[in-house]
Amino acid sequence: MDLANVDSLSFIAPEIVLTVTMLAVFVLDRAVRAAERIGDAVRGGLALALVAMVWVPHELDGWLFARQLVHDPFAAFFEVLFALAAMATVWMSMGSAEVRRMQQGEYYGLLLAATIGACFMAASANLLMAYLSLELLSICSYALAGFVRHDRGSSEAALKYLLYGGVASGVMLFGLSWLFGLCGSLDLVEIHAALVAGSVPPATLTIALVLILAGLGFKISMVPFHMWAPDVYAGAPVPVAAFLSVASKAAGFALLVRVLYPTMSMPAGGGAWDVLGGVEWPQLLAVLAAVTMTFGNLAALRQQRLKRMLAYSGVAHAGYLLMGLVVLDDTGLEAMLFYLIAYYFMNFGAFAVVGILHDHAGSDDLGAYRGLARRGGMLPAVAMAAFLFSLIGVPPFVGFFAKLFLFAAVVQQELYTLAVIGVLNSVISVGYYFSVLRMMFVEPPAADAGVVETTWHARTLHVVLLVGTCALGVAAGPILGFARYSLQFFSG
Amino acid sequence: MHPVVFGILSALLVLSALGVVLARSPIRSALSLVVTLFLLAVTFLFLDAHLVAALQIIVYAGAIMVLFLFVIMLLNLQEDPPVVMHAALRWLAFAGGSLFLFAGIAMFLGSAGAGPGLQSPADAAFGTTEAIAARLFTKHLLAFEATGILLLIAVVGAVVMAKRKLV
């Protein structure tokens, strides 16, 4: 179906709810002074948006707003993921002393706008909407990273993010203009048709693709465009760092898959895909994936601060996720979607614990975790252990199944070198995750370390994410089935 | 657009863009940028995009650049000190840049005429205020609204950033 503007409105009900909530929050911030009220209003808005995402008719796929957006299971999958990520971020923010000192209305408003941008990014049907929504997400992220008042680190984070981001999006825009010039259209389906017709010179297309990869690689923190990640995560408020590491990365992957798969490749039957236009991007991505995970893991080994460590671990996980794109097969993409769900639970969980310690000790230094289990922080310590084991990929946690499916897809395509590099990297990552575990459980607490108190609010979040991390592993089959269902692209 | 006109225009554009990057004094950089934006407007004019050309001059070459110059003069920015860069890095940047430039030129020459055919001149309605308005409020309505949110958020973000004080 190809809907005009007015008929499309009901299909973007979730985004409309988010927009109205955003505007309401700006006004509400002036009217009520209680911080909790605003957080509750945002949570209500997000819950309503989630309900709307389920309510929106899913039987029919098609174009919305005269082919600006596309409505298909792939877009719906990411919309739900982004709304859940925003929900976890708001939950984390409401318990965070760091966020309580900030301008509440602006903080939550920017967060909601970032979510809207991410949703449109996953659903964009042409390059114009893709770029606009990418910028919407980016600009909100720049401001959110610099939200801590009176803090040099946070300002540095915002400035670095802005400068790197500006360059990356400029380079990407240049690449998009090449793609437009080569194919004569902004519409992804028409670009696909031009590539099928075979009138596009491969060498020029390669340059355009490399330029676009620079912009999207920045979003997913792929080496060599990862330089911003450690500084931004270290300076940004903890909930914002968590949002960036999950939602922003997933949005980058959503757009990357949309550009590389339904646009620049063609289904070859049996779940396999063929590359179009003579550009051998899978080889390029395979090298980038290997370099990204290796660099991320090696750099994380030397980190003494948890936020920087999780930033490099995020770089490494971007490398694992990229493996799902290399295999040119539906199994790889399914594994990637599954990995994103798993990553949501385990990474948000790890950041939630970092947030508790950040509020308690005022730092995310590894030393602050000394003897955490023995000074009142049993639940955070045990939860953190589960999240870190899951990030390593230890059974029975969900991270194990995520890695299993990913490596299985890679091995199935006989990309043994890549699979071996991936497994070796998982082994390297044990090194730095274990140093945190040792600190929490083995080392005795420092003499002057106070008792870590957690609010019921924080405990609820820990338990929810912990249950997700443990239980989704058991229910891996249905989740993978859901990922398979979500892997449907509408192309007319 | 006649190829000769296009050649002259783009040569001038590249020269003035180089001026933006290479000039030591911020004022000269900003003035070169005015020239670049103005020449871009002329290019739009030759491409039958009259409204876009007018907007380019009013908004960019006019309003935004005046603000730029105003800020530069208000802050009384001095000439940039010469950039200290590692020699190897400088050569790497130079090599990478020229490789990209020549590869790009070679590819464009090699693929001349391969792209989609462009009809020239455009039909009479192209680029008029009416045609642009019609597209803006029908085909690109969602993009238009999304830009609205983007600008609102940019203002909010700028205010948040500007209100803070560093201790």
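Quick note: structure is the one above.
Here the structure is a predicted model, which means the values were calculated and not measured.

As a further point, take the overall build of chain A. From N to C terminus, chain A includes 20 helices and four strands. Taken over C-alpha atoms, the radius of gyration comes to 22 Å for chain A, in line with the 23 Å a tight globule of 492 residues would show. Put simply, of all contacts in chain A between residues at least 6 apart along the chain, 80% involve residues at least 24 apart. Carbon and sulfur atoms make up 68% of the accessible area of chain A, which totals about 16,300 Å². One finds the centroid of the 24 positive side-chain charges in chain A at a distance of 13 Å from the centroid of its 30 negative side-chain charges.

Below, the discussion takes up the interface of chain B and chain A. Contacts between chain B and chain A engage 32 residues on the former and 46 residues on the latter. Roughly 3,100 Å² of surface becomes buried between chain B and chain A when both sides are summed, with 75% attributable to carbon and sulfur atoms. If you look at where chain B meets chain A, you find four residue pairs in polar contact (both at pLDDT 80 or more). If you list the elements that add at least two residues to the side of chain B that touches chain A, you get helix H4 (87-110) and helix H6 (141-163) of chain B. It is H6(B) that contributes the most residues to the side of chain B that touches chain A, 15 residues altogether.

Judged by nonpolar contacts, the single largest core of 202 residues is most densely connected at A:Phe78 and A:Leu325. Among the elements that line this core, the one with the most residues is helix H15 (residues 330-361) of chain A, at 21 residues. In this structure, B:Ala30, B:Ala61, B:Met65 and B:Leu69 belong to the second largest nonpolar core, which totals six residues.

This brings us to the environment of A:Gln488. Residues and elements named next belong to chain A. Along the chain, glutamine 488 turns up in the segment after helix H20 (476-486). Here glutamine 488 is in contact with Asp61, Asp72, Pro73 and Phe74, once residues within four sequence places are set aside. Here tyrosine 485 takes part through its backbone oxygen, which lies 2.9 Å from a polar atom of the side chain of glutamine 488.

Right, let's talk about unusual backbone geometry for a bit. Residues and elements named next belong to chain A. Along the chain, valine 223 connects to proline 224 via a cis peptide bond; the corresponding omega equals 5 degrees. Proline 395 connects to proline 396 through a cis peptide bond whose omega is 10 degrees. Notably, leucine 328 is not glycine yet its phi reads approximately 55 degrees, a positive angle. Relative to the helices and strands, leucine 328 is located in the loop between helix H14 (306-326) and H15.

With that out of the way, let us pick up the packing of helix H7 (residues 127-145) of chain A against helix H8 (residues 152-183) of chain A. All names here are of chain A. The N-to-C vectors of H7 and H8 enclose an angle of 170 degrees; their axes lie 9 Å apart at closest approach. Comparing their axes, H8 and H7 come out roughly antiparallel. Between H7, through Leu127, Tyr131, Leu134, Glu135, Ser141, Tyr142 and Ala145, and H8, the contact on the second element is made entirely by Ser154, Ala157, Ala158, Tyr161, Leu162, Gly165, Gly166, Ser169, Met172, Leu173, Leu176 and Leu179. The residue makeup of the contact of H7 with H8, split by class, is 13 nonpolar, five polar and one charged.

This part covers a nonpolar patch on the surface. Together, B:Val4, B:Ile8, B:Leu12, B:Val14, B:Leu15, B:Leu18, B:Val21 and B:Leu22 give the surface a local cluster of nonpolar side chains, amounting to about 800 Å² of exposed area. Secondary-structure assignment places B:Leu12 in helix H1 (residues 3-22).

Right, let's get into the environment of A:Val99. Residues and elements named next belong to chain A. Checked against the element boundaries, valine 99 lands in helix H5 (residues 97-100). Assessed through its relative accessible area of 1%, valine 99 is described here as buried. For the pair valine 99 and valine 210, spaced 111 residues apart in sequence, the C-alpha separation works out to 38 Å. Apart from residues no more than four positions distant in its own chain, valine 99 is found in contact with Ser93, Gln104, Tyr107 and Pro239.

What follows deals with the pairing of strand E3 (residues 265-269) of chain A. In regular strands, side chains alternate between the two faces of the sheet. Residues and elements named next belong to chain A. Sheet topology note: the E3/strand E4 (residues 272-275) ladder contains four bridges and is antiparallel. Residue glycine 269 lies in a different strand from E4, and its bridge partner there is alanine 272. Linking E3 to E4, which pair antiparallel, is a turn of two residues; within it glycine 270 sits at a positive phi near 65 degrees.

Residues and elements named next belong to chain A. A rise of 1.5 Å per residue sets the reference length of H14, with its 21 residues, at 30 Å; its end C-alpha atoms lie 30 Å apart and thus fit the reference within 8%. The buried fraction of H14 is high, at 20 of 21 residues. One or two steps after H14, the chain reaches leucine 328, where phi turns positive at roughly 55 degrees.

Let us look at the pattern of salt bridges. All names here are of chain A. According to the stated counting rule, one finds 12 salt bridges over all chains in the structure shown. Of the charged contacts in the structure, one is a salt bridge between glutamate 106 and arginine 30, with a shortest N-O distance of 3.5 Å. Here glutamate 106, found in helix H6 (residues 104-123), pairs with arginine 30, found in helix H2 (residues 13-31); they are 76 residues apart in sequence, far enough to count as distant. With its nearest N and O atoms 3.0 Å apart, the salt bridge here joins aspartate 72 to arginine 258. Of this pair, aspartate 72 sits in the loop between strand E2 (69-71) and helix H4 (73-94) while arginine 258 sits in helix H12 (residues 238-263); the two residues are 186 residues apart in sequence, bridging distant segments of the chain. Each member of the pair aspartate 72 and arginine 258 is classed as buried. Where salt bridges share partners, they join Glu156, Lys160, Asp231 and Arg308 into one cluster.

Criteria and thresholds
Residues numbered from 1 in each chain as written. Chains lettered and ligands numbered in written order. Predicted model: local features only at pLDDT ≥ 70, side-chain atom pairs only at ≥ 80, totals over all residues. Heavy atoms only, no water. Helix = DSSP H or I, 4+ residues; strand = E, 2+ residues; numbered from the N terminus. Rg over C-alpha atoms; globule rule 2.2 N^0.38 Å. Contact = heavy atoms within 4.5 Å. Areas by Shrake-Rupley, 256 points an atom, 1.4 Å probe, with all protein chains shown as cover. Lys, Arg positive; Asp, Glu negative; His and termini not counted. Charge placed at Lys NZ, Arg CZ, Asp CG, Glu CD. Buried area = accessible area lost by both parts, 1.4 Å probe. Polar contact = N/O pair within 3.5 Å; in protein donor to acceptor, adjacent residues only side chain to side chain. Core = buried A, V, L, I, M, F, W, Y, C linked by side-chain atoms within 4.5 Å. Buried < 20%, exposed > 50% of the residue type's maximum accessible area, 1.4 Å probe, protein only. Axes fitted to C-alpha atoms, helices over the stretch in contact; angles between N-to-C directions. Parallel < 35°, antiparallel > 145°, perpendicular 65-115°, else oblique. Nonpolar A, V, L, I, M, F, W, Y, C, P; charged D, E, K, R; others polar. Patch = residues over 30% accessible without salt bridge, like charges linked within 9 Å, V, L, I, M, F, W, Y side chains within 5 Å. Salt bridge = Lys/Arg side-chain N within 4 Å of Asp/Glu carboxyl O. Pairing = 2+ DSSP bridges. Expected span 1.5 Å × (residues − 1).

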